[in-house]
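Coordinate analysis (summary)
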Amino acid sequence: MSPLALSFWVALNATVLATVVGLPLAWLLARKSIPGRDVLAVLVLLPMVLPPTVLGYGLLLVLGQGGVVGGWAESLGLGRIVFSRTGAIIAAFVASAPFMIRAAQAGFEQVDPAYEEAARTLGRGEIAIWLTVTLPLAWRAVLAGLALTFARAVGEFGATVMVAGSIPGRTRTASLAIYDHVQAGRMDEAGMLALVLTGAAGLALLVLTRVGRGPGW
Amino acid sequence: MSLDVSLRATLPDFRLDLAFETSATGITALFGPSGAGKSLTLRHLAGLERAEAGHVRLGSRTLFDASAGLFTRPRDRRIGLVFQEYALFPHLDVRANVAFGLHDRPRDARYRRVDELLSLMDLEGYGGRNPRSLSGGERQRVAIARALAPEPELLLLDEPFAALDFRVRGDLRRALGEIQRHTSVPMILVTHALDDVRALADTLVLMDQGRVVTTGPTVSVLEDPPSADAAALVGSALRAT
């Protein structure tokens, strides 16, 4: 895969993962007073503020052959995670998921609990309420989270290079390729990739701005 | 159908400790000054709160019994609730709001029921409207239609007239009385306005500071309060109107 195609493929997978894991977590943080809530909130947001190399180092410990997840995956015959595309996806997921969780949590907190309570008294179950009331009322925030998560995943560099390396065609995403091109003095190639990434990020922000300006519920 | 309620709940700055029993036919008013715990009691009846001690029995069904560890979830209580600010779903039109509690019925039956309610509530032609484009009185009618749709055994109304202009209050009071007679669904309404009680309530539950002061037929409680506490509350309510 070309670096650009790889970037988008990794970011797409990371965003889907961040959505599936992040939305329920965001809802939990917004609505439920669970024990250890503050600790959970800190853990969830930590990847946002940690140096990417620290994140990468931590992921290597967990995903490596001696790590909990890495050892388990190999014993199941799933192969090595580090220096693989899966590793790149996991690195991008961990680095970008906090953006989804933060945005969606803020969105869920904006939804008046009376709507969910009304739905309960009308005989609906919790999952149905989440899908038909909470999520539709928070869609702007969730969409913003999606865009930010995807943009962050496309731009992931530090954790990815530590966990997945920069193997051409396998784990060398566009942001890694730019670095390699610059190192090798191929400024034109680096410039092309930089231009495409900048354009894509700008487009995402434009869409976000437009959506944010629409009528709220 | 009888309603037998006993609740004890401690909040950071409030204590609910009450018991009352009513035949729950016609309209029962929970009446008292603000801070009496009326709306909180309503939330307990709907199952949106869980008390530390007590019970809630509606007819032959026990919905809550703390000593037996029994608690029926709101979705299984068959009790409708009209919220003070109505809580109409802003992302759904009037028709979808009314149909919300009819999800387990076949489509034809659902449509028929929604049409029936829109006509009962004088809302024909409003089906496609967004709730935010409606007046306060219209919103209230949609909220009542939505709560009545799944045919609840009991309808709770939290300060149904508080958010409304005084000019439409009278009309809506009359309308609510007619709906009750037409559907014969027992209603419990929370109010701090004596006018609402006089115009609508068959039974009065007089509340103050988290307690029930007295329960009885509206006329007799208002005209002949059974205790000094009750007399003081009725007296101050009379002076306020």
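Structure first, text after, so check above.
Description of the structure in this document.

The rules we used
- Residues numbered from 1 in each chain as written.
- Chains lettered and ligands numbered in written order.
- Predicted model: local features only at pLDDT ≥ 70, side-chain atom pairs only at ≥ 80, totals over all residues.
- Helix = DSSP H or I, 4+ residues; strand = E, 2+ residues; numbered from the N terminus.
- Rg over C-alpha atoms; globule rule 2.2 N^0.38 Å.
- Buried ≥ 20, exposed ≤ 12 C-beta atoms within 10 Å, placed from the backbone.
- Contact = placed C-beta atoms within 7 Å.
- Pairing = 2+ DSSP bridges.
- Expected span 1.5 Å × (residues − 1).
- Arc of directions from axis to C-beta.
- Axes fitted to C-alpha atoms, helices over the stretch in contact; angles between N-to-C directions.
- Parallel < 35°, antiparallel > 145°, perpendicular 65-115°, else oblique.
- Left-handed = near helix turned anticlockwise from the far one by under 90°.
- Nonpolar A, V, L, I, M, F, W, Y, C, P; charged D, E, K, R; others polar.
- Core = buried A, V, L, I, M, F, W, Y, C linked by C-beta atoms within 7 Å.

1. What to know about the overall build of chain B
- When helices and strands are counted, chain B shows eight helices and eleven strands.
- Over its C-alpha trace chain B gives a radius of gyration of 18 Å, about what one expects of a compact globule, namely 18 Å for 241 residues.
- Taken over the C-alpha atoms alone, chain B extends approximately 55 × 45 × 35 Å along its principal axes.
- Expressed as a percentage of its 241 residues, the buried residues of chain B come to 44%.
- For chain B, the share of sequence-separated contacts (at least 6 apart) that also reach a separation of at least 24 residues comes to 66%.

2. Notes on the sheet that holds strand β2 (residues 14-22) of chain B
All names here are of chain B.
- Judged by pairing direction, the sheet is antiparallel, and its five strands sit side by side in the order β2-β1-β4-β5-β6 without closing on themselves. A strand with exactly one partner marks an edge of an open sheet, and here the two such strands are β2 and β6 (70-71).
- In terms of strand pairing, strand β4 (residues 53-58) meets strand β5 (residues 61-65) through four bridges, oriented antiparallel. Paired with Leu58 across the two strands is Arg61, which belongs to β5.

3. Quick look at unusual backbone geometry
Residue and element names in this part refer to chain B.
- The phi angle at Arg78 is positive, at roughly 60°, despite the residue not being glycine.
- When the 17 C-beta atoms within 10 Å are taken as the criterion, Arg78 is described as partly exposed.
- Positive phi, close to 50°, is recorded for Ala87, a residue that is not glycine.
- On the secondary structure map, Ala87 appears in the loop between β7 (79-82) and α2 (94-99).
- Take Ala87: there are 24 C-beta atoms within 10 Å of it, and that puts it in the buried class.

4. Details of helix α8 (residues 228-240) of chain B
All names here are of chain B.
- Taking 1.5 Å per residue, 13 residues should reach 18 Å; α8 reaches 18 Å between its end C-alpha atoms and fits that length.
- Burial in α8 covers these residues: Ala230, Leu233 and Val234. Taken around the axis of α8, the buried residues stretch over an arc of 95°, which confines them to a single face. Exposed and facing more than 90 degrees away from the buried side of α8 are Ala228, Gly235, Ser236 and Arg239.
- Next to the buried residues of α8 lie β10 (203-208), β11 (211-217) and α7 (218-223).

5. Some words on the packing of helix α1 (residues 3-31) of chain A against helix α8 (residues 139-155) of chain A
Residue and element names in this part refer to chain A.
- Interhelical geometry of α1 versus α8 gives an angle of 140° and a closest axis separation of 8 Å. It follows from the interaxial angle that α1 and α8 lie oblique. At the point where α1 passes α8, the crossing takes the right-handed sense. Across the interface between the two elements, Ser7, Phe8, Val10, Ala11, Ala14, Thr15, Ala18 and Thr19 of α1 pack against Leu146, Thr149, Phe150, Ala153 and Val154 of α8.

6. Here we look at the interface of chain B and chain A
- The interface is formed by 17 residues belonging to chain B together with 15 residues belonging to chain A.
- Split into classes, the residues belonging to the side of chain B that touches chain A amount to eleven nonpolar, four polar and two charged.

7. A few points about the pairing of β10 of chain B
Residues and elements named next belong to chain B.
- Among the six residues in β10, five count as buried, and that is most of the element.
- Note that strand β3 (residues 27-31) and β10 share four bridges and pair parallel. Its bridge partner lying in β10, Thr28 is registered against Thr203.
- Pairing of β10 with β11 involves six bridges; the strand directions are antiparallel. Looking at the pairing, Asp208 lines up with Arg211 of β11.

8. Considering the sheet that holds strand β8 (residues 154-158) of chain B
All names here are of chain B.
- Within the open sheet, the six strands sit side by side as β7-β8-β9-β3-β10-β11. Their pairing is mixed. In this open sheet, the two strands that pair with only one neighbour each are β7 and β11. For this sheet, the mean angle separating the axes of adjacent strands, direction not counted, is 15°.
- One ladder, built from five bridges, connects β3 with strand β9 (residues 187-191); its direction is parallel. Counterpart to Ala29 in the pairing with β9 is Leu189.
- Strands β7 and β8 of the sheet are contacted by helix α4 (residues 136-148), whose axis makes an angle of about 170° with β7.
- Here α8 sits on the sheet and contacts β10 and β11; the angle it forms with β11, its principal contact strand, is near 85°.

9. Let's talk about the nonpolar core
- Counting 132 residues, the largest nonpolar core has Ala91, Ala92 and Ala104 of chain A together with Ala29, Ala145 and Leu156 of chain B as its most contacted members.
- Residues within four places of Ala92 of chain A in sequence aside, it is in contact with Val10, Ala11, Ala14, Ala153, Glu156 and Thr160 of chain A.

10. Examining helix α3 (residues 52-63) of chain A
Residue and element names in this part refer to chain A.
- Look at α3: 16 Å from first C-alpha to last across twelve residues, which is about the 16 Å you get at 1.5 Å a residue.
- Taken together, the buried positions of α3 are occupied by Leu55, Gly56, Leu59 and Leu63. Take α3 and look down its axis: the buried residues cluster within an arc of 100°, on one side only.
- The elements touched by buried residues of α3 are α2 (37-49), α4 (68-75), α5 (85-110) and α9 (158-163).

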